[in-house]
Amino acid sequence: MTSNVRLAMVEHSHIISALLQLLLLLRNKGQSKMHDVRTIRTILCTINSLCLERNTRLQILLHGEGILLGILLQYLLSRQIDDVVRRRSARALRLLAQCNATANILLRLTLRSEIGDTNNFLASLHQAALYDPCLDVRGEATIAYTKCITCAFFRKHLLQKDIIDELNQILDKLAELANQVPTAAPEALSKTFQELVINLSTEEQSNNIRTTILRHDTYIKAVTELALCSNASYTTCTCIASTLVCLALDKSLNCDLLVTEPILKCLVHIASDDEFNIPSTQEQQETANQALLELASNTSRLKQLATHGGLLSALIRYTTNCIDETAKQSFKTTLLSRLIPQL
């Protein structure tokens, strides 16, 4: 379906109405026959295609004050329907939440639709992301959930409403998703970590929020483990590494909060992993080493740094290969005056 065809379809609201009415009719029939299931699959496939572009996505979302959300959520949570229908329902929700504009509108519409409550909508998405028997469904639901939960949190943050308690609850749920074996959508979870930390860098309460994240041991362990998996993608490693570097360079934070086993293990792994051979990944290694240098320069937990397996060897190797003489001298000074005496 081309872009022009999508636009033409949504401009005729009766077409969208007909698709949604048919979905409602089939949903209300309960246990569906095979030909009904095929019809549902086809309609959802059409809706997913229409949701690929922002303009058409917005019009479908607003049609009937969000009636589509309730339909999609019910299909997603149904165990009486097949994996394909649940996956396409989850994908439609993920596409509807793809950009901040439509994600925010989606959250507002949950109050008007039959869902009736934003928290219920988010809880239902989390349930699908955590417990659906199909990995693909969990992956789509996880991406939709992470996008919606960050939008909901930022909106509450702007209103200054009980954000720390809310954040701890969000981190609990994200840790549950990250601890799944296998993890359904590690890239989405790593991007959420990055959003929670970096997008708040200029906000008034950023220090409290970052401190809360670092003190949530279960979440930090779960999210850093995503970068340590043997099949971790480049995007996952990059998001986690850049976020940890951002935290290490934040002078307003208590540096000791970053000197924990999960964070050090993750940084050392990225700083010393010789399997990376992409130029941008070499830059990633450099920033990880700089983060370790920053920690060594400011923390009071020098003993823990110096005795952490692989940390000294990573810094020494980086210092040896470093071309920038100023940077090399800075690393040498830190190694000789702060870390090596701790051995």
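Considering the pattern of salt bridges
Pairing of side chains with opposite charge becomes possible as their charged atoms draw close.
And then number 1: Under the criterion given, the structure shown has eight salt bridges.
And then number 2: The residue R79 makes a salt bridge to D132 at a minimum N-O spacing of 3.6 Å. With R79 in the loop between α5 (67-77) and α6 (83-96) and D132 in the loop between α8 (118-131) and α9 (135-158), this pair connects stretches of sequence that are 53 residues apart.
And then number 3: Its relative accessible area of 45% is what places R79 among the partly exposed residues.
And then number 4: The partner of R210 in a salt bridge is D250, and the shortest N-O contact between them spans 2.7 Å. Highlighted residues: R210 in helix α12 (residues 206-215) and D250 in the loop between α14 (234-248) and α15 (261-272), separated in sequence by 40 residues. For the pair shown, R210 and D250 are each scored as buried.
And then number 5: Each of R79, D83, R86 and D132 takes part in a single network of salt bridges with overlapping partners.

Regarding the environment of H216
And then number 1: By secondary structure assignment, the location of H216 is in the loop between α12 and α13 (217-228).
And then number 2: The buried category is assigned to H216, whose relative accessible area is 11%.
And then number 3: As a C-alpha pair, H216 and Q284 span 68 residues in sequence and 25 Å in three-dimensional space.
And then number 4: Residues within four places of H216 in sequence aside, it is in contact with N168, L171 and D172.
And then number 5: A polar contact is formed between the side chain of H216 and the side chain of D172, at a distance of 2.7 Å.

Let's talk about unusual backbone geometry
Most peptide bonds take the trans configuration, and most residues that are not glycine carry a negative phi.
And then number 1: With an omega of -5°, the peptide bond running from V181 to P182 counts as cis.
And then number 2: By the element assignment, P182 lies in the loop between α10 (163-178) and α11 (186-198).
And then number 3: Backbone geometry at E65 places phi at a positive 55°, although glycine is not the residue there.
And then number 4: Relative to the assigned elements, E65 resides in the loop between α4 (54-62) and α5.

Focus on the nonpolar core
And then number 1: Ranked by size, the top nonpolar core spans 110 residues in total, and within it L93, F121, F193, I213, Y219 and L339 carry the most contacts.
And then number 2: Per-element tally for this core: the top contributor is α9, with 10 residues.
And then number 3: If near-sequence neighbours (up to four positions away) are discounted, L339 is found in contact with A296, L302, L305, A306, L311, L312, L315 and T334.

What to know about helix α19 (residues 325-339)
And then number 1: Counted at 1.5 Å a residue, the expected span for α19 with its 15 residues is 21 Å, and the 20 Å between its end C-alpha atoms agrees.
And then number 2: Residues of α19 that are buried: K328, F331, T334, L335 and L339. The buried side chains of α19 occupy one side of the element, clustering within an arc of 130° when seen end-on. Turned more than 90 degrees off the buried face of α19, the exposed positions are E325, T326 and L336.

What to know about the packing of α10 against α11
And then number 1: Between α10 and α11, the shortest axis-to-axis distance is 11 Å and the interhelical angle comes to 160°. Accordingly, the angle class assigned to the pair α10 and α11 is roughly antiparallel. Once α10 is placed against α11, the crossing between them reads as left-handed. In this structure, α10 uses L167, L171, L174, L177 and A178 to contact α11, whose residues at the interface are L189, T192 and L196.
And then number 2: In terms of residue class, the contact of α10 with α11 is made up of seven nonpolar, one polar and no charged.

A look at empty space enclosed by the protein
Empty space among the atoms becomes apparent when a probe as large as a water molecule is rolled across them.
And then number 1: Within this structure, the stated rule accounts for one cavity of 30 Å³ or more.
And then number 2: Within this model, the largest cavity holds a volume of roughly 30 Å³.
And then number 3: Forming the walls of the largest cavity are I16, L19, L20, I47, L50 and I60.
And then number 4: Of all the secondary structure elements, the ones that give two or more residues to the lining of the largest cavity are α2 (13-28) and α3 (34-50).
And then number 5: If one sorts the elements of the lining of the largest cavity by residue count, α2 sits on top with three residues.
And then number 6: In terms of residue class, the lining of the largest cavity is made up of six nonpolar, no polar and no charged.

Topic: the confidence of the model for the protein
And then number 1: Per-residue pLDDT for the protein has a mean of 86; in total, 91% of the residues score no lower than 70.
And then number 2: Taking the mean pLDDT of every element in the protein, the minimum, 74, falls on helix α1 (residues 3-11) and the maximum, 96, on α6.
And then number 3: Long-range and interchain partners of residues 276-280, a stretch whose pLDDT sits below 50, account for seven contacts in this model, where long-range means more than four residues apart.

Re α1
And then number 1: Considered for burial, the residues of α1 that qualify are R6, M9 and V10. Along the axis of α1, the buried residues cluster in a sector spanning 90°; they form a single face. Opposite the buried face of α1, at more than 90 degrees from it, the exposed residues are N4 and E11.

Rules used throughout
Residues numbered from 1 in each chain as written. Predicted model: local features only at pLDDT ≥ 70, side-chain atom pairs only at ≥ 80, totals over all residues. Heavy atoms only, no water. Salt bridge = Lys/Arg side-chain N within 4 Å of Asp/Glu carboxyl O. Helix = DSSP H or I, 4+ residues; strand = E, 2+ residues; numbered from the N terminus. Buried < 20%, exposed > 50% of the residue type's maximum accessible area, 1.4 Å probe, protein only. Contact = heavy atoms within 4.5 Å. Polar contact = N/O pair within 3.5 Å; in protein donor to acceptor, adjacent residues only side chain to side chain. Core = buried A, V, L, I, M, F, W, Y, C linked by side-chain atoms within 4.5 Å. Expected span 1.5 Å × (residues − 1). Arc of directions from axis to C-beta. Axes fitted to C-alpha atoms, helices over the stretch in contact; angles between N-to-C directions. Parallel < 35°, antiparallel > 145°, perpendicular 65-115°, else oblique. Left-handed = near helix turned anticlockwise from the far one by under 90°. Nonpolar A, V, L, I, M, F, W, Y, C, P; charged D, E, K, R; others polar. 1 Å grid on protein atoms, 1.4 Å probe; cavity = no way out; pocket = protein on both sides within 12 Å on 5 of 7 lines; lining within 4 Å. Points joined across faces, edges and corners; volume = space filled by probe spheres on them. pLDDT = per-residue confidence, 0-100.

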